[in-house]
Each structure stands twice: as C-alpha cells, then as structure tokens.
Amino acid sequence: MPDRQDRATADAPTVCRLHGSDPARLLEILQDLQQAQGWIAEPQIQEIASTLNLSRAEVHGVVSFYHDFRRSPAGRLLIKACRGEACQSMGAGDLIEGLCRKQGIAPGGTSEAGVTVEEVYCLGNCALAPAAQVQGRLYGRLDAGRLESLVESSLA
Amino acid sequence: MITLYVPCDSAACSVGADETAAAIEAAAAAEGLEVRLLRNGSRGAFWLEPLVEMESAEGRLGFGPLSAAEAPALVAALAGRGQPPRALGLVEEIPWLKAQERLTFRRMGVIRPTVLEDYEANEGLAGLRRALALTPAEICSEVLESGLRGRGGAGFPAGIKWKTVLDQPPGQKYIACNADEGDSGTFADRMVMEGDPFLLIEGMIIAGLATGADHGFVYIRSEYPQAIRTMSEAIAVLEAAGWLGPDIAGSGRGFTLEVRRGAGAYICGEESAMLNSIEGKRGTVRVKPPIPAIAGLFGRPTLINNVLTLAAVPTILARGAAFYRDFGQGRSRGTQAFQLAGNVARGGLVETAFGVSLRELIEDFGGGTATGRPFRAAQLGGPLGAYVDAAMLDLAMDYEVLAEAGAMLGHGGITVFDESVDMAEMARFAFEFCEIESCGKCTPCRLGALRGKETLEKVIAGREVAANLALVEDLGELMRDGSLCAMGGLTPMPVLSALRLFPQDFMPSTQAAAE
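Residues numbered from 1 in each chain as written. Chains lettered and ligands numbered in written order. Predicted model: local features only at pLDDT ≥ 70, side-chain atom pairs only at ≥ 80, totals over all residues. Heavy atoms only, no water.

## Things to note about the overall build of chain A
Line of reasoning, step 1. When helices and strands are tallied, chain A shows seven helices and four strands.
Line of reasoning, step 2. The helix and strand sequence of chain A, counted from the amino end, reads α-α-α-α-β-α-α-β-β-β-α.
Line of reasoning, step 3. With the principal axes as the frame, chain A shows a C-alpha extent of 50 × 35 × 25 Å.
Line of reasoning, step 4. Out of the 156 residues in chain A, the part that is buried amounts to 56%.
Line of reasoning, step 5. Considering only intrachain contacts with a sequence separation of at least 6, the fraction spanning at least 24 residues in chain A is 59%.
Line of reasoning, step 6. When the accessible surface of chain A is totalled, it reaches about 6800 Å², and 49% of it is carbon and sulfur.
Line of reasoning, step 7. Separation of charge centres in chain A, based on 15 positive and 19 negative side chains, amounts to 3 Å. (Helix = DSSP H or I, 4+ residues; strand = E, 2+ residues; numbered from the N terminus. Buried < 20%, exposed > 50% of the residue type's maximum accessible area, 1.4 Å probe, protein only. Contact = heavy atoms within 4.5 Å. Areas by Shrake-Rupley, 256 points an atom, 1.4 Å probe, with all protein chains shown as cover. Lys, Arg positive; Asp, Glu negative; His and termini not counted. Charge placed at Lys NZ, Arg CZ, Asp CG, Glu CD.)

Right, here's the structure in full:
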C-alpha cells in the first residue's frame, strides 16, 4: 500500500493568521499549506475563506487555477518531470513515457509503488536537459537508467 | 591555504556540485590538506559543471566538469601527487567565457552570492550610491538615455516606463519585479537571483528612488526554490546592513522588499496576471488600459520590470548611460544575456552586445548540437517564439532584425534541435501548452488552443490535410488578432513558422515517402 497522508495535518486558520489574515497573501498561505502538508484538503478551503473573509468560490477558484496546489496527497515519491521544449529536444518525451509505463500510470497519476509523476513546464535547467525534480531536488542530464536508479534509491 | 570554489547554483547542483564539494572536503581531510572551500555562483558554462576553481597567483584555475569520483585525484594533485584531472587553465581565459561581453553577468561565478563584502569589492552598490545623490528625474533620464529596453521580451524602453510612474501623482507606488521566468530555454533570471542577488535588489532600490515607490515585490516562480531562498537571504543581509528599510544609508528615503512565490502558472509571467497573483487572486490577464504604470498593484502606480532589466540598472548608474548605450546596434543598445539551451553541446549563459549572429551563438559558442547530429531548427524567445531553420542562422540578434524575419528575441532563450525533431509535433505541442496554461479569460486563446491542437492532430493523422492546414492558418490569424495577451496572441508564431519552414513534416507519411 502506498504510504499516503490522507489526513490534513496543518491548521489552515493558523497559517492564515501567520500571514496577518490578509486575503492578498492567499498564494503565500496556500504555498505554506501545500509545502507543509503536500496537498490542500476540501474542508480547508472553507476554513481559509472564513478566516480571510472571502467566499468559498473565490478560494476554490485560486486553488484550482494554479498547478502547484494538489487536491489529494501525492505518493511517497513525487517526481516533477519537465516537458518544456528544451527538455523535449533532449528526449524528455520518451523519458517520461518510459517512466510512466514502468510505473503503470498515466502522467499525473500515482503508482502502486507510491510514485507520482507530474509533468511540469520548465525548471530553468534548460542547458542540462532533460531535467526533473525528484522529491523537491533538481536533477539534470537525466536518462532512463539514472532516473530508474533515482526512483529505486528514493523508494528504498 | 588553498582556496577552492564550487558553485552552489541549482543547475550546477543538478549535475552533482554538492557531491563534488563534499568529496573535496572529505579528500582534503584525509590528506590533512588545509582547504578553504567557498560556494560561488555558476559561471554559466553549464557544459563544464561542476566547475571547480582554485585561486592562484595568476588568477583562478578551473577544473571541470569534475565529478565527486574525481575529487580525490584533484586533492592529491594539490598535495603534490599527480596531475589534476579536467584542468582547464585560467577560467577567465576559457574562450567560451573570454569572448563574451559580460556587463550584467560580470560577477557571476566570481563572488559568493550572499556575501556583501564580495559584492562591494566588485563594484557592487556603486550605482545605488550615485543614485542617492541624484534627483528622481535625473535617475529616470539616465535610464532613458542608456537605451535600455525591457528584457522580459516586449522590449519597451525602460526609461519611458520609469518616467511614467514618476510622473503619477504622489502616493503609494510599487516596484514589481517579474521573476516568473517560465519560458523553456531561459534561465538568466534564475542565475541572477541565485548567483548575484544583490545586483537585482540594488536595481530595484534605484527604481524605487527614481519613481517614488517605497515598497517592492519580487514575484519568483515556485519552480525556482533556490532562487527564492537566496533572494530571501540577500534581502535579510541588506536589511541588516541598512541598504533596505525605512532609511537607506541615512538618506531619509526608504525602500522595503518582499518575495512572493508563484504557484506553477506560466501565464503569471504576463505582467497583469502577475499583479493579480500578487493580490491573491487567480492569474487572469487584465484589460489594458489602464497600464500598470498608472494603475497596477492594488490600483496604485506600479513599475513592472523583468529581472534582467532591473539588473542592468546598477551598471548604467555606476558607469553612466553612454557606457551602456555604446554597446549594441540600431535601436538594440547594450548587451543581451543569450541562453543556449536544449540540444546544444556547450550550453549556458552568453552575454554579448546586440548584433551577434545566431550562427555565432549556436556554432561558435554552442559548438552545434549536443548529439552531434545535424542542426535542424532553433526556437528563439521561448514557447511563444518562432522556429528558425539553418538558412536563417546569419540573422543578427537584434529586436528589429528578428521581428522583420518573422521571429522574436523575447527573453533571449535559444533552444536548439537536431534532425530528429518532428516539427508537426512541436507545432501541436505549442497549441497544447497554450491550452494547459491559458488563463481562460478570452475565447480566442481558451478555445483556439484546444481546437488548434485537435486540428493539428487530424493533420498528423493524415485526415483532410490541406483543408485542416488552411483552418490552422485562419485560426492563427484569429488568435493573433483577437487574444487579450501574448499567450493566445503569439501561440500561432511557433505553429505557423513550423508550417512555413518545415511543411514536409505536416504531410501524411505516404505523401512524404513519395517525395
């Protein structure tokens, strides 16, 4: 079974108050929550709306607009693989396809082993393509072999 | 005491710089060799990373790319046993670096990024010191005279924008630095924030003095966690030293700065979507007028500039407008930081005066493709930029020259492709990227991207090719003329350039085989 945190572990109203309960700081609040918890839970959207005096629709709109905010936990290993043009020029398409096939998932999914593969668009490592972030750490000049070893050692 | 430098830049670390640094320290300890290991920014010669440098009487000697496994051999050589591996000679004599004209990037890789003494010892804060002695109008004039144009991609004269904000009625004004460098093929902003953050901050403080803005935001994309950390650290250092805060260096004038993180939306690189994001909202694009200089953040006059634009300002103030203006040609003055990316042998940051040719960049600096297979295409200026082919390599890198040739300079990114590239797939991807990243506000972009992608998929599948290609051309015109911003407006650029230059890739395989 994948090792997933299905509970919301951070306290959304507290995070809001750390930012002065300022609605203009909503992205900062959500980023802090995303980083602490790995995802944003549905009830937390209402909590944030109440604390910041915004409508639930407004908060839902912001959470759903930005790609960073997950609505469910990722697997225990999160891989953000770049599909930007520079990485494509060095085989990122095949690399990601191969990784997903090995894990038995579609891009964006989470495998039985607990590996989540997200496609992102540019990590700023364009002269050392293909690039990916594995558990938050940036890697360049990746190939299928190195990526596989990274996955194995990270899961171990 | 031997002084060694190992870059802490995230790209260098992505190929093992941290491991190399640790291995050097371990090997030195085992040797009993006294080594002072400092972390600098990257020189931007990514093909040489991890690039280890050693101080010597003649200058800094380079060794790279040096893996952790090779570190013991280097340490042994320093201890007098054997030859050092990957020796490159003096770093500043490496042709790839020596041929550049580094104004904005002259401290890159030389200094430790967040050590103020290093910065000041390398002309840091000279621009700000001069600006503090000038009137706001005088600072704006200097920037105008330098010919500096916005380096985000639009190329609008910076001085005019600065003057517009200055001329607004007094009251709360803001500086907003657009550090949402989302274009594939670009990393210059990331390098500045990670390798010379004080330079950007100095530029922003000068902007504040010039326009009457006392608070600034740096909007950094979340895909750049190290840039976020380094900028935050640099701000704290300057606050402690009295260069940020309510009273800058005893001048009586104040400027405060905060970092704001993006959240994975490419469209927030568009200035008005960025403003909405800083206001805590969805990153939708605003209708202009009013322009941000008149009504921007929270409705207040806001100066928005790209990282590279602001990073050029301290040099302009320190050395004068004429010095900067005399680089370049035509209406493209000063230097540009080109970024060689993708399938290129010697990729990285190349800063030269405008007017250098694409061929010089890709072949002389870049060394051609990384795979060694023949060059086929390059995309200039990011995902919204045109593709060029081998016949266009003699084009000069200049705003107007490229525009006339149907291409775009943009933020200076150059992504190289070899003969294996499928241009129909790249065109399809251009629509797909627009579909994913569209803010959704205007129909030509929101719907045009999706329909464009579907239509190209039909073409690729060989269905009614001629009719569908005509449809794509028509759609391209509609998106170009009807979209609210450059996301929808310029998506046709890569698509139509691919169609124009590589029509054979769009033909059904049976037809292509018969050719």
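## Some words on the overall build of chain B
Line of reasoning, step 1. Helix and strand counts for chain B stand at 22 helices and 16 strands.
Line of reasoning, step 2. Relative to the compact-globule value of 24 Å for 515 residues, chain B shows a C-alpha radius of gyration of 24 Å, a close match.
Line of reasoning, step 3. Its C-alpha atoms give chain B principal-axis dimensions of about 75 × 65 × 40 Å.
Line of reasoning, step 4. Intrachain contacts of chain B at a sequence separation of at least 6 include 71% that bridge at least 24 residues.
Line of reasoning, step 5. Total accessible area on chain B stands at roughly 17700 Å², and carbon and sulfur atoms take up 54% of it.
Line of reasoning, step 6. With 46 positive and 64 negative side-chain charges, chain B shows a spacing of 4 Å between the two charge centroids. (Rg over C-alpha atoms; globule rule 2.2 N^0.38 Å.)

## Some thoughts on the side chain of Ser146(B)
All names here are of chain B.
Line of reasoning, step 1. Mapped onto the elements, Ser-146 comes out in helix 7 (residues 136–146).
Line of reasoning, step 2. There is a polar contact of 2.6 Å between the side chain of Ser-146 and the backbone oxygen of Val-143.
Line of reasoning, step 3. In contact with Ser-146, other than residues within four places in its own chain, are Ile-316, Ala-321, Tyr-324, Arg-325 and Arg-333. (Polar contact = N/O pair within 3.5 Å; in protein donor to acceptor, adjacent residues only side chain to side chain.)

## Let's talk about empty space enclosed by the protein
All names here are of chain B.
Line of reasoning, step 1. If you walk through the whole model with that rule in mind, you get five cavities of 30 Å³ or more.
Line of reasoning, step 2. By volume, the largest cavity amounts to about 60 Å³.
Line of reasoning, step 3. Contributing to the lining of the largest cavity are 13 residues, with Val-285, Cys-439, Cys-442, Cys-445 and Cys-485 lying nearest its centre.
Line of reasoning, step 4. Among the residues making up the lining of the largest cavity, the classes are represented as eight nonpolar, four polar and one charged.
Line of reasoning, step 5. Estimated volume of the second largest cavity: approximately 50 Å³.
Line of reasoning, step 6. Lining the second largest cavity are Thr-104, Phe-105, Arg-151, Leu-308, Tyr-324, Thr-335, Gln-336, Ala-337 and Glu-351.
Line of reasoning, step 7. Considering each element in turn, the lining of the second largest cavity owes the most residues, three residues, to strand 12 (residues 335–342). (1 Å grid on protein atoms, 1.4 Å probe; cavity = no way out; pocket = protein on both sides within 12 Å on 5 of 7 lines; lining within 4 Å. Points joined across faces, edges and corners; volume = space filled by probe spheres on them. Nonpolar A, V, L, I, M, F, W, Y, C, P; charged D, E, K, R; others polar.)

## Here we look at the sheet that holds strand 7 (residues 215–220) of chain B
Residue and element names in this part refer to chain B.
Line of reasoning, step 1. What the four strands build is an open sheet, ordered 8-7-6-9; its pairing is parallel. Looking at which strands have only one partner, the edges of the open sheet turn out to be strand 8 (256–261) and strand 9 (302–306). For this sheet, the mean inter-axis angle between neighbouring strands, taken without regard to orientation, is 20°.
Line of reasoning, step 2. Examined bridge by bridge, strand 6 (residues 174–179) and strand 9 share five bridges and lie parallel to one another. Bridge pairing links Ala-176 to Ile-304 in strand 9.
Line of reasoning, step 3. Along the sheet, helix 11 (residues 225–240) contacts strand 7 and strand 8; its crossing angle with strand 8, the most-contacted strand, is approximately 165°. (Pairing = 2+ DSSP bridges. Axes fitted to C-alpha atoms, helices over the stretch in contact; angles between N-to-C directions.)

## Examining the pattern of salt bridges
Line of reasoning, step 1. As enumerated under the stated definition, the model contains 44 salt bridges over all chains in all.
Line of reasoning, step 2. Within the structure, one salt-bridge network assembled from shared partners comprises Arg83(A), Glu119(A), Glu425(B), Arg428(B), Glu432(B) and Glu457(B). (Salt bridge = Lys/Arg side-chain N within 4 Å of Asp/Glu carboxyl O.)

## Focus on the packing of helix 2 (residues 26–37) of chain A against helix 3 (residues 42–52) of chain A
Residue and element names in this part refer to chain A.
Line of reasoning, step 1. Closest axis-to-axis distance for the helix 2/helix 3 pair is 12 Å, and the angle between their directions is 145°. The handedness of the crossing between helix 2 and helix 3 comes out as right-handed. Judged by residue contacts, Leu-26, Ile-29, Leu-30, Leu-33 and Gln-37 of helix 2 engage Gln-44, Ile-48 and Leu-52 from helix 3. (Left-handed = near helix turned anticlockwise from the far one by under 90°.)

## What to know about the sheet that holds strand 2 (residues 35–40) of chain B
Residue and element names in this part refer to chain B.
Line of reasoning, step 1. The five strands are arranged 2-1-3-4-5 in an open sheet whose pairing can be described as mixed. Of all strands in the sheet, those with a lone pairing partner are strand 2 and strand 5 (87–90), marking the two edges. Strand-to-strand twist across the sheet, computed as the mean angle between neighbouring axes with direction ignored, equals 25°.
Line of reasoning, step 2. When strand 4 (residues 59–63) meets strand 5, the two strands line up antiparallel, connected through three bridges. Of the residues in strand 5, the one forming a bridge with Phe-63 is Ala-87.
Line of reasoning, step 3. Lying over the sheet, helix 2 (residues 17–31) contacts strand 1 (2–7), strand 2 and strand 3 (52–56), oriented at roughly 170° with respect to strand 2.

## Details of the layout of surface pockets
Line of reasoning, step 1. For the largest pocket, the calculated volume is near 1200 Å³.
Line of reasoning, step 2. Mapped by element, the contributors of at least two residues to the lining of the largest pocket are helix 2, helix 4 (56–65), strand 1 (77–82) and strand 2 (115–120) of chain A together with helix 11 and helix 17 (423–437) of chain B.
Line of reasoning, step 3. At five residues, helix 2 of chain A tops the list of elements feeding residues into the lining of the largest pocket.
Line of reasoning, step 4. Here the second largest pocket is characterised by a volume of approximately 1000 Å³.
Line of reasoning, step 5. For the lining of the second largest pocket, the elements supplying multiple residues, two or more each, are strand 9, helix 16 (399–404) and helix 20 (486–490) of chain B.
Line of reasoning, step 6. Of the residues belonging to the lining of the second largest pocket, the class tally is 15 nonpolar, 14 polar and 11 charged.

## Focus on the confidence of the model for chain B
Line of reasoning, step 1. When pLDDT is averaged along chain B, the result is 96; 99% of the residues meet or exceed 70.
Line of reasoning, step 2. This complex was scored by the predictor with a pTM of 0.97 and an ipTM of 0.96. (pLDDT = per-residue confidence, 0-100.)

## Overview of the packing of aromatic side chains
Line of reasoning, step 1. In this structure the tally under the stated criterion is 14 aromatic pairs over all chains.
Line of reasoning, step 2. Here the aromatic rings of Tyr266(B) and Phe433(B) are separated by 4.8 Å at their centres, their planes lie at 70°, and the arrangement is edge-to-face. One end of the pair, Tyr266(B), is in the loop between strand 8 and helix 12 (271–278); the other, Phe433(B), is in helix 17, and 167 residues separate them in sequence.
Line of reasoning, step 3. Judged by its relative accessible area of 14%, Tyr266(B) falls in the buried class.
Line of reasoning, step 4. Counting every residue linked through ring pairs, the aromatic cluster contains Tyr121(A), Tyr266(B), Phe429(B) and Phe433(B).
Line of reasoning, step 5. The aromatic ring of Tyr5(B) is capped on one face by Arg60(B), whose charged end is 3.6 Å from the ring centroid.
Line of reasoning, step 6. Across the ring face of Trp47(B), the terminal group of Arg346(B) is positioned such that the distance to the ring centre comes to 5.9 Å. (Phe/Tyr/Trp six-rings, centres within 6.5 Å; stacked < 30°, edge-to-face > 60°. Lys NZ or Arg CZ within 6 Å of the ring centre and 35° of its normal.)

## Some details on the interface of chain B and chain A
Line of reasoning, step 1. Residue-level contacts link 62 residues of chain B with 37 residues of chain A.
Line of reasoning, step 2. Taking both partners together, chain B and chain A bury about 3800 Å²; carbon and sulfur atoms supply 52% of that area.
Line of reasoning, step 3. In this structure, the connection of chain B to chain A is made through five salt bridges.
Line of reasoning, step 4. The interface formed by chain B and chain A holds 25 residue pairs in polar contact (both at pLDDT 80 or more) in total.
Line of reasoning, step 5. Elements supplying a minimum of two residues to the side of chain B that touches chain A: helix 1 (10–14), strand 8, helix 12, strand 12, strand 16 (413–418) and helix 17 of chain B.
Line of reasoning, step 6. With seven residues, helix 17 of chain B is the single largest residue contributor to the side of chain B that touches chain A.
Line of reasoning, step 7. Tallied by class, the residues present in the side of chain B that touches chain A amount to 28 nonpolar, 19 polar and 15 charged. (Buried area = accessible area lost by both parts, 1.4 Å probe.)

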